[in-house]
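# Secondary and tertiary structure notes
Here is how the chains run, residue by residue.
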Amino acid sequence: MHIAIDAMGGDFGPRVTVQGGLEALRQWPSLSLTFYGDCHSIQDVIRSAPRWKKTVLDRVQMSAAGSLPVGTQPPSRILRDRDINAPDASSLHACIRAVRDGEADACVSAGHTGEIMAVARRALGMIEGMKRPAISSAVLTDHGHPCYVLDLGANIDCPPRHLVQFARLGAEMVRTVDGIQNPRVALLNIGVEPSKGTRCVREADDLLREFCTTNDRFHYLGFVEGDHIFTGDVNVIVCDGFVGNVALKTSEGLARVLGRRLQHTFELNWWTRLVSILARPALSRLKEEIDPVRYNGASFLGLTSTVVKSHGGADARGFSYAILRAVSEVELGLPERLAQGLTA
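Everything quoted here is computed from the prediction, not taken from an experiment. (Residues numbered from 1 in each chain as written. Predicted model: local features only at pLDDT ≥ 70, side-chain atom pairs only at ≥ 80, totals over all residues. Heavy atoms only, no water.)

### With respect to the domain arrangement of the protein
Quick reminder of the rule: Annotation comment: domain bounds sourced from an automatic or database domain assignment. Any two residues having at least one pair of non-hydrogen atoms within 4.5 Å are treated as being in contact. Note: buried area is the sum, over both parts, of the accessible area (probe 1.4 Å) each one loses when the two are combined. A side-chain nitrogen of Lys or Arg and a carboxyl oxygen of Asp or Glu constitute a salt bridge if their distance falls within 4 Å. Residues adjacent in sequence count toward polar contacts only when both atoms are side-chain atoms; beyond that, a polar contact is any pair of N or O atoms within 3.5 Å, and within protein one must be able to donate a hydrogen and the other to accept it. Here a strand is any run of E in DSSP of at least two residues, a helix any run of H or I of at least four, and the numbering for each starts at the N terminus.
Domain parsing of the protein yields domain 1 (1-130 + 302-344) and domain 2 (134-295). Contact with domain 1, which involves 18 residues of that partner, is made by 22 residues of domain 2. Among the residues domain 1 hides against domain 2, the three largest losses belong to Met130, Arg325 and Leu342. Together they make up 27% of the total. Counting every contact that joins domain 1 to domain 2 gives 0 salt bridges. Where domain 1 packs against domain 2, one counts 3 residue pairs in polar contact (both at pLDDT 80 or more). For the side of domain 1 that touches domain 2, the secondary-structure elements that each account for two or more residues are α5 (113-124), α11 (316-332) and α12 (334-342).

Here you go:
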């Protein structure tokens, strides 16, 4: 399996993307990577890597490419002014081009969300019947199994018909990834009453109820509020990208605050420090479970190929999780199976 990496994307560039790639190679022996970007910067990171990481270098390639000025241009301007086939294409354009041309099975980038969506949609195309890709990621729940939320930022303002398409995409993903044959799907709203929410959400609710009268691919539950994201009672929660992104970033921030407050509480005095020593195995397990880094990597569902977006501020470990998510989706053949499910 070969994956293209946008080495210049994110807040830290190769320092994170290359280190994260080497970590992913260590965990997945059949994986190989091509880093697209400034080869000198990539080589500097590789030279400074620990000795064990150098054992995976036979599965690493580099390809020279530039970088986009982060978030300085609207996606429409990028599509108009930059040619994906140009020799001096950016690292983002180059790695998506590699997927388009069959040189890579998937692409992972920590770049600007709108830029990734625009370039990938133009170069790779959409699954038949889908109008816009939606970003989806898993969220930890009380029951242990994930809840998938979409959209998480690709589409800030969605018409009702797009929310219906997101519901279908999310349901098919759960059927494929988790093997749940009748996923529970809901719309995120400010209340569960039919009169609550914006006109767009209410219209999407009507369309989903109508769709489910003639289609049994998923069970539509209606509206849910934000706290239901974490209960595990729902498999897929649908919202527009603005709401989804705020919900995701809020939950990540809360997880970090809880971790810090818990640590501070156990360091108050000698008695609490003693208790923390006794509870260390349980605390370590809890910290690992709620760590947002484990859930880094969001899929652009609806594209004909796998494209995974890493959080721009992720560290190397977090970026490696985004790569492993791409590996999992390629192994599952997720885009192809989504396309099959949507026509069933």
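### Some details on the pairing of strand β7 (residues 184-188)
Threshold: For each residue, the accessible area found with a 1.4 Å probe, counting protein chains only, is set against the maximum for its type, and the residue is called buried under 20%, exposed over 50%, and partly exposed in between. Between any two strands, at least two bridges found by DSSP are needed for them to pair. The handedness of a crossover follows from its direction of travel: if, with the strands pointing away from the viewer, the path from the first strand over the helix to the second runs clockwise, the crossover is right-handed.
Counting buried positions along β7 yields 4 of 5 residues, so the element is predominantly enclosed. Pairing of β7 with strand β8 (residues 219-224) involves 4 bridges; the strand directions are parallel. Within β8, the position partnered with Arg184 by the bridge is His219. Once you follow β7 into helix α7 (residues 199-212) and on to β8, the crossover reads as right-handed. By the bridge criterion, 3 bridges tie β7 to strand β9 (residues 236-238) in an arrangement that is parallel.

### A few points about the side chain of Glu329
Structurally, Glu329 can be placed in helix α11. When its relative accessible area of 7% is taken as the criterion, Glu329 is described as buried.

### Remarks on the nonpolar core
Convention followed: Residues belong to one nonpolar core when they are buried, are Ala, Val, Leu, Ile, Met, Phe, Trp, Tyr or Cys, and are joined through side-chain atoms within 4.5 Å.
One finds Ile96, Leu150, Leu187, Phe218, Val238 and Phe300 to be the most contacted residues of the largest nonpolar core, which totals 66 residues. No fewer than three residues from each of domain 1 (1-130 + 302-344) and domain 2 (134-295) sit in this core. The residues touching Leu187, leaving out its near neighbours within four places in the chain, are Val201, Ala204, Asp205, Leu208, Tyr220, Gly222, Phe223, Val224 and Val238. Of all hydrophobic cores here, the second largest spans 27 residues; its members include Leu22, Ala49, Val56 and Ile323.

### So, the packing of helix α1 (residues 14-27) against α11
Keep this limit in mind: Axis geometry follows a simple rule: fit a line to the C-alpha atoms, using only the stretch in contact for helices, then measure angles between N-to-C directions, giving values from 0 to 180 degrees. To sort the angles, those under 35 degrees are grouped as roughly parallel, those over 145 as roughly antiparallel, those from 65 to 115 as roughly perpendicular, and the leftovers as oblique. For any pair of crossing helices, the crossing counts as left-handed if the nearer helix is rotated counterclockwise from the farther one by less than a right angle, and right-handed if it is rotated clockwise. In the scheme used here, Gly and all other residues not listed as nonpolar or charged are polar, with Ala, Val, Leu, Ile, Met, Phe, Trp, Tyr, Cys and Pro taken as nonpolar and Asp, Glu, Lys and Arg as charged.
Following both chains from N to C, one finds α1 and α11 inclined at 55°, their axes separated by 7 Å at the closest point. Classified by the angle between their axes, α1 and α11 sit oblique to one another. The element α1 and its partner α11 pack so that their crossing is right-handed. Along its contact with α1, which presents Val16, Thr17, Gln19, Gly20, Gly21, Glu23, Ala24 and Gln27, the element α11 presents Ala316, Phe319, Ser320, Ile323 and Leu324. In the contact of α1 with α11, the residues fall into 6 nonpolar, 6 polar and 1 charged.

### A closer look at the pattern of salt bridges
Between side chains of opposite charge, a pair can form as their charged atoms come close. Counting across every chain of the model gives 9 salt bridges. In this structure, the salt-bridge partner of Arg26 is Glu23, at a minimum N-O distance of 3.0 Å. Placement of both Arg26 and Glu23 in helix α1 is noted, with a separation of 3 residues, approximately one turn of the helix. Under the relative-accessibility criterion, Arg26 is labelled partly exposed at 47%. Two residues, Glu172 and Arg175, come together in a salt bridge whose shortest N-O distance is 3.8 Å. Highlighted residues: Glu172 and Arg175, both in helix α6 (residues 160-177), separated by 3 residues, approximately one helical turn. Of the two residues, Glu172 and Arg175, neither departs from the other in class, the shared state being buried. Taken together, the salt bridges that share partners define one network made up of Glu172, Arg175 and Arg217.

### A short note on the environment of Ala118
Within the secondary structure, Ala118 sits in helix α5. A relative accessible area of 10% means that Ala118 is categorised as buried. Here the alpha-carbon distance between Ala118 and Met8, two residues 110 residues apart in the chain, equals 18 Å.

### Some details on the sheet that holds strand β10 (residues 298-301)
Reading across from one edge, β3-β2-β1-β4-β11-β10-β5-β6-β9-β7-β8 is the order of the 11 strands in this open sheet, with mixed pairing throughout. Each end of this open sheet is capped by a strand with a single partner; those strands are β3 (60-64) and β8. Within this sheet the neighbouring strands show an average axis-to-axis angle of 25°, counted without direction. The pairing of strand β6 (residues 147-150) with β9 spans 3 bridges and is classified as parallel.

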